[in-house]
Amino acid sequence: MTIRDKTAIAGLGSTPYYKRGTSLPQTLPELVCKAIIAAVDDAGLTVKDIDGFAYYSEGFDTPYLMETLGIPEIRYTATLTGSGGGSAGAVGLAASAIVSGMAETVVVVGGTQMAEQRFGSLMSAYPQTPENAFFSSAGLVGPGHMFALLARRHMHLYGTTREHFAEVAISTRLNAMRNPGAVMRKPMSRDDYFNAPMIADPCCLFDFCLETDGAIAVVVTSTERARDLRRDPVRILASTHGGGRDWGRALYWMNMPDEAFASGGHAPVARGLYAQAGVTPGDIDCAQIYDHFSPMVITQLEDYGFCGKGEGGPFVASGAIRYDGGSLPVNTDGGQLSAGYIWGMSHVREGVEQLRGTAVSQVADAELVLVTGGPSSLPVSGLILAK
Amino acid sequence: MSEISKAPPPELFTLTTDQWTKPFWEAAAAHRLVAPKCGCCSTFRMPPTPFCPNCLSQALEWPELSGHGVLYSYTIVARAIIPEMAAHLPYVPALVELPDAGGVRLITNIVGAPLDALEIGCPVEVVWDDRPDGVSIPCFRLVRTD
């Protein structure tokens with residue numbers, strides 16, 4: 001038994017994307033509730049129909065959401081372990097609840113608000129533990145410092161260059177410029193990229209995702225039921241999460257074997273995803289790739305088989321990920337690098353928009369979209385949505 | 001003239017240990033670089049954990065290492081993203097592979113190095129960052145090959 005094609009996304013709701021801290025005085029639970037209300041409304045349902053929640057990255061307080069929204073009864077509330085790696089997988093978690101009969105209308109919601117603690121310095125806020133001592137003693141203050149170590153190794157092994165990272169950043173910005181909801185819509189030239197301050201060499205400011213406030217929710221239900229609801233269903237063809245021991249704690253471990261080290265950690269999840277979906281990389285029409293750091297887009301393109309191992313740099317340099325003329329348009333909404341960082345949920349959102357035909361940068365005849373969760377400690381996750 | 005790398009900001013780290021990690025830090029306080037080695041199958045692991053991932057033994061040895069390693073990867077941090085970093089820039093978080101510990105890697109820093117001399121594959125050797133709180137942290141410097 002698999003979850004293949006048995007469930008669908010029936011509703012989508014989002015708050016605006018706010019530059020870090022500017023969503024105040026709204027509270028984070030308030031933003032989350034706004035996204036949920038919008039998602040069930042979009043589906044033609046009400047909050048009283050919700051009977052399940054599927055989260056990732058520690059999730060939200062289900063009884064608080066029930067209390068404030070007046071949800072009468074919940075039959076399923078679960079969170080994928082790990083952090084932003086689970087964004088795409090939480091949709092699969094919801095699907096598994098529905099396929100197993102544990103719930104009928106499951107909301108997946110992600111949200112973030114960076115008022116006091118910025119993500120850019122996240123590790124400096126971690127509690128000191130015996131395990132953390134082995135990285136926090138080295139001045140690895142933020143995720144960018146850690147991913148820079150992976151990026152440089154990829155450059156060393158495969159000849160990847162900052163020109164390749166620049167192509168990811170610029171291509172993504174071009175997409176954001178068309179998106180009225182994107183936070184960063186100023187043009188970015190190659191000179192702008194190379195003149196930007198270096199934050200964690202070889203990663204400069206424009207290799208880093210934005211720091212954003214906002215929340216996004218989707219409503220997952222059976223495909224059969226979704227057909228009777230307001231919107232055309234976006235089918236959940238497959239979703240997998242997890243990963244291999246050779247990736248493991250990844251950034252917090254740094255002892256990955258060489259091949260896994262210079263990767264996005266997604267290779268096992270990708271294999272499972274294509275097998276579950278019964279499709280190949282060549283069937284994917286566009287991809288929403290978790291872009292906390294531009295080099296990690298390149299490594300995931302390799303993990304998901306759009307090019308060979310180590311060939312991600314030349315692949316993006318060929319124009320393959322561009323909306324205009326690319327064979328695989330990537331992060332068509334402007335991604336987390338330029339539209340907004342909602343812990344991966346903006347990628348789920350854009351996947352739904354593409355398959356509904358409502359995307360700002362619509363890929364013609366898009367029928368299959370890949371969505372990935374962030375390369376981080378396991379689990380990492382993937383999702384294939386279908387028209 | 002290239003800038004010289006410093007040690008990372010000490011304020012951001014307070015050492016806590018458990019019975020599995022304590023021997024590493026106790027040895028460090030005596031300026032001895034050690035690594036955990038399975039007492040049963042001799043597999044090294046880093047950081048220390050309660051079981052050998054190869055054979056599940058809990059027997060552990062802590063052999064002293066030569067202190068020589070190879071630079072596996074690094075980043076240059078030259079911009080403060082929180083105020084505590086400002087006085088310690090630039091610093092160079094790095095991964096150093098330890099050939100005499102089965103190639104396990106330490107997450108560490110390269111100190112005292114001209115930034116333009118950093119290169120993956122460089123030989124490095126341990127030096128000790130003795131902090132005001134009495135904790136010593138293993139860092140590495142480039143080994144001159146000229």
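Residues numbered from 1 in each chain as written. Chains lettered and ligands numbered in written order. Predicted model: local features only at pLDDT ≥ 70, side-chain atom pairs only at ≥ 80, totals over all residues. Heavy atoms only, no water.

S.K.: Could you clarify how one ought to interpret the overall build of chain A in this entry?
M.R.: Across its full length, chain A carries 14 helices and 12 strands. Against the 2.2 N^0.38 benchmark of 21 Å for 387 residues, chain A shows a C-alpha radius of gyration of 19 Å, consistent with a compact globule. For chain A, with 387 residues in total, the buried portion stands at 65%. Within the structure as shown, chain A displays about 13100 Å² of accessible surface, and the carbon and sulfur contribution to it stands at 51%. (Helix = DSSP H or I, 4+ residues; strand = E, 2+ residues; numbered from the N terminus. Rg over C-alpha atoms; globule rule 2.2 N^0.38 Å. Buried < 20%, exposed > 50% of the residue type's maximum accessible area, 1.4 Å probe, protein only. Areas by Shrake-Rupley, 256 points an atom, 1.4 Å probe, with all protein chains shown as cover.)

S.K.: It is not clear to me how the nonpolar core should be interpreted in this structure. Could you clarify?
M.R.: Soluble globular proteins tend to bury their nonpolar side chains together. All names here are of chain A. If you look at the biggest cluster of nonpolar residues, it comprises 67 residues, and the most contacted ones within it are Leu150, Met254, Ile284, Leu301, Phe306, Leu370 and Ile384. Residue contacts for Leu370: discarding those within four places in its chain leaves Leu273, Ile284, Cys286, Ala287, Gln288, Ile289, Tyr304, Phe306, Leu383 and Ile384. Counting residues in each nonpolar core, the second largest holds 44 residues, with Ala94, Val108, Ala339 and Val363 among its members. (Core = buried A, V, L, I, M, F, W, Y, C linked by side-chain atoms within 4.5 Å. Contact = heavy atoms within 4.5 Å.)

S.K.: Honestly, the interface of chain A and chain B in this entry has me stumped. Any pointers?
M.R.: One widely used convention gives an interface's size as the accessible area the parts lose upon coming together. Counting residues at the interface gives 38 residues for chain A and 37 residues for chain B. Overall, the association of chain A and chain B removes approximately 3200 Å² of surface from exposure, summing both partners, and the carbon and sulfur fraction of that is 62%. At the junction of chain A and chain B, the tally comes to 0 salt bridges. Across the chain A-chain B interface, the total number found is 17 residue pairs in polar contact (both at pLDDT 80 or more). Every element with two or more residues in the side of chain A that touches chain B is listed here: α4 (133-136), α5 (143-158), β6 (198-200) and α9 (258-261) of chain A. Per element, the largest residue contribution to the side of chain A that touches chain B is 6 residues, and it comes from α5 of chain A. Considered class by class, the residues forming the side of chain A that touches chain B number 19 nonpolar, 12 polar and 7 charged. (Buried area = accessible area lost by both parts, 1.4 Å probe. Salt bridge = Lys/Arg side-chain N within 4 Å of Asp/Glu carboxyl O. Polar contact = N/O pair within 3.5 Å; in protein donor to acceptor, adjacent residues only side chain to side chain. Nonpolar A, V, L, I, M, F, W, Y, C, P; charged D, E, K, R; others polar.)

S.K.: How should the sheet that holds strand β3 (residues 68-74) of chain B be read in this particular structure?
M.R.: Note on sheets: strands pair through backbone hydrogen bonds, and any given pair is parallel or antiparallel. The sheet built from 5 strands is open, its strands ordered β5-β4-β3-β6-β7 (chain B) with antiparallel pairing. In this open sheet, the two strands that pair with only one neighbour each are β5 (104-109) and β7 (136-142) of chain B. Here the average twist between neighbouring strands, direction ignored, is 50°. Here β3 of chain B pairs with strand β4 (residues 93-98) of chain B via 4 bridges, running antiparallel. Looking at the pairing, Tyr74 of chain B lines up with Ala94 of chain B of β4 of chain B. On top of the sheet, α5 of chain A reaches β3 and β4 of chain B; it is set at about 95° to β3 of chain B, its chief contact. (Pairing = 2+ DSSP bridges. Axes fitted to C-alpha atoms, helices over the stretch in contact; angles between N-to-C directions.)

So, to be careful, I would describe these as geometric facts and stop short of saying anything about function.
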